[in-house]
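Take a look at the letters that make up each chain.
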Amino acid sequence: GEQVSFQTGPVVVNGVMYLTSDRGTYAIDAATCAVKWKQLPSFPPSSLQVNRGVAYDNGRVFRGAGPGHVIALDAATGATAWDIQLSPFVPGMTVPMAPVAWNGMVFVGNAGGDNYGVTGHVWALDQKDGHTIWRFDVVPESGPARNSWRNAAGIPITGGAFWTTFALDPQAGILVVPAGNPAPDFQPDARPGDNLYSNSVIAIDTKTGKLADYVQLVKADNHDWDVDAGPVLVTTRAGRQIIASANKDGLLSAIDRSPM
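Scoring rules and cut-offs
- Residues numbered from 1 in each chain as written.
- Predicted model: local features only at pLDDT ≥ 70, side-chain atom pairs only at ≥ 80, totals over all residues.
- Heavy atoms only, no water.
- Pairing = 2+ DSSP bridges.
- Helix = DSSP H or I, 4+ residues; strand = E, 2+ residues; numbered from the N terminus.
- Axes fitted to C-alpha atoms, helices over the stretch in contact; angles between N-to-C directions.
- 1 Å grid on protein atoms, 1.4 Å probe; cavity = no way out; pocket = protein on both sides within 12 Å on 5 of 7 lines; lining within 4 Å.
- Points joined across faces, edges and corners; volume = space filled by probe spheres on them.
- Phe/Tyr/Trp six-rings, centres within 6.5 Å; stacked < 30°, edge-to-face > 60°.
- Buried < 20%, exposed > 50% of the residue type's maximum accessible area, 1.4 Å probe, protein only.

Trainee: How should the sheet that holds strand 21 (residues 252-256) be read in this particular structure?
Mentor: Working definition: the strands of a sheet are paired by backbone hydrogen bonds and lie parallel or antiparallel to each other. Spatially, the 3 strands line up as an open sheet ordered 19-20-21, and their pairing is antiparallel. In this open sheet, the two strands that pair with only one neighbour each are strand 19 (232-235) and strand 21. Direction aside, neighbouring strands of the sheet carry axes that sit 30° apart on average. In this structure, strand 20 (residues 241-246) lies alongside strand 21, joined through 5 bridges in antiparallel fashion. Counted as the bridge partner of Ala244 is Ala254 from strand 21.

Trainee: Looking at this structure, I do not really get the layout of surface pockets. What am I missing?
Mentor: To find leftover empty space, a probe the size of one water molecule is rolled over the atoms. By volume, the largest pocket is sized at about 310 Å³. Taken together, 22 residues form the lining of the largest pocket, with Leu48, Gly112, Gly113, Asp114 and Trp163 sitting closest to its centre.

Trainee: I would appreciate a short explanation of the packing of aromatic side chains in the present structure.
Mentor: Applying the stated criterion across every chain yields a total of 7 aromatic pairs. Between the aromatic rings of Phe107 and Trp134, the centroid separation amounts to 6.0 Å while the plane-to-plane angle is 35°, which identifies the pairing as tilted. Here the residue Phe107 occupies a position in strand 10 (residues 105-109), and Trp134 occupies one in strand 12 (residues 132-137), the gap between them amounting to 27 residues. Judged by its relative accessible area of 0%, Phe107 falls in the buried class. Centre to centre, the rings of Tyr197 and Tyr214 are 4.7 Å apart; their planes meet at 70°, and the pair counts as edge-to-face. Of this pair, Tyr197 sits in the loop between strand 16 (182-183) and strand 17 (200-205) while Tyr214 sits in strand 18 (residues 211-216), placing them 17 residues apart in sequence. Look at Tyr197 and you get buried, because its relative accessible area is 12%.

Trainee: Looking at this model, I keep getting lost on the pairing of strand 12. Mind explaining?
Mentor: Along a regular strand, successive side chains alternate from one face of the sheet to the other. Alignment of strand 11 (residues 121-126) against strand 12, held across 5 bridges, turns out to be antiparallel. Residue pairing for strand 12: His121 is matched across the bridge by Asp137. Here strand 11 hands over to strand 12 after 5 residues, with Gly130 in that stretch at a positive phi of 85°.

Trainee: I keep staring at unusual backbone geometry and nothing clicks. Help me out?
Mentor: Apart from glycine, the bulk of residues carry a negative phi angle, and the bulk of peptide bonds sit in the trans form. With an omega dihedral of 10°, the bond running from Ala183 to Pro184 counts as a cis peptide bond. Along the chain, Pro184 falls in the loop between strand 16 and strand 17. The amide bond that connects Leu196 to the next residue, Tyr197, takes the cis arrangement and shows omega of 0°. Even without being glycine, Asn199 reaches a positive phi, approximately 50°. Along the chain, Asn199 falls in the loop between strand 16 and strand 17.

Written out as structure tokens, the structure is:
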């Protein structure tokens, strides 16, 4: 009964498949397709009407929804355990990415970085009640990264948001996130500078939320070449640890993650 883009990545746990639409969350029997439960929140459709799936941990599923919300649902019944709006919230923010749930936390980021004044953030939320444990700002409030945006007058710093999932190195306790393009699109003269940390693969310490390392793969972006595909952590046959990042510029990059 929904007419929306269907971009969810299904998650299967104990024979139950969890999948999402923009507004709906569904649990179905993976063998028969019988619906176990479905949940439709009261939020209106998002601007892009997409959602890319849930994270599962400790008997709950977690997803983004509506205008900057993250919700936790009981995996057995679909009942809402908590529903929070991410802070700071700016009009134009959505949360279509599939979160990552691990070690009592839910890691999630916002989309909307093509809308003026929206920048990307990564939140670590407590799985129990959704409160923010830490927040990482793709465009910091101060320091060299902030100074790398030399925007023209009247053009707010914009970009570096997320619409696909993150990767996790549980042994190192490092979250690897792919930040999207700077904006306005196709107008680099309006935002001269390196525009950090947009278009970067960023490593974040999961204990503190602090920057561990980063690589900016696309510089001086004038084509909307997001670094926003989900990164893949790989150990080669020779034992080398890398991050594979396939980006909108058509290049597959392999990053040495040993320093991270």
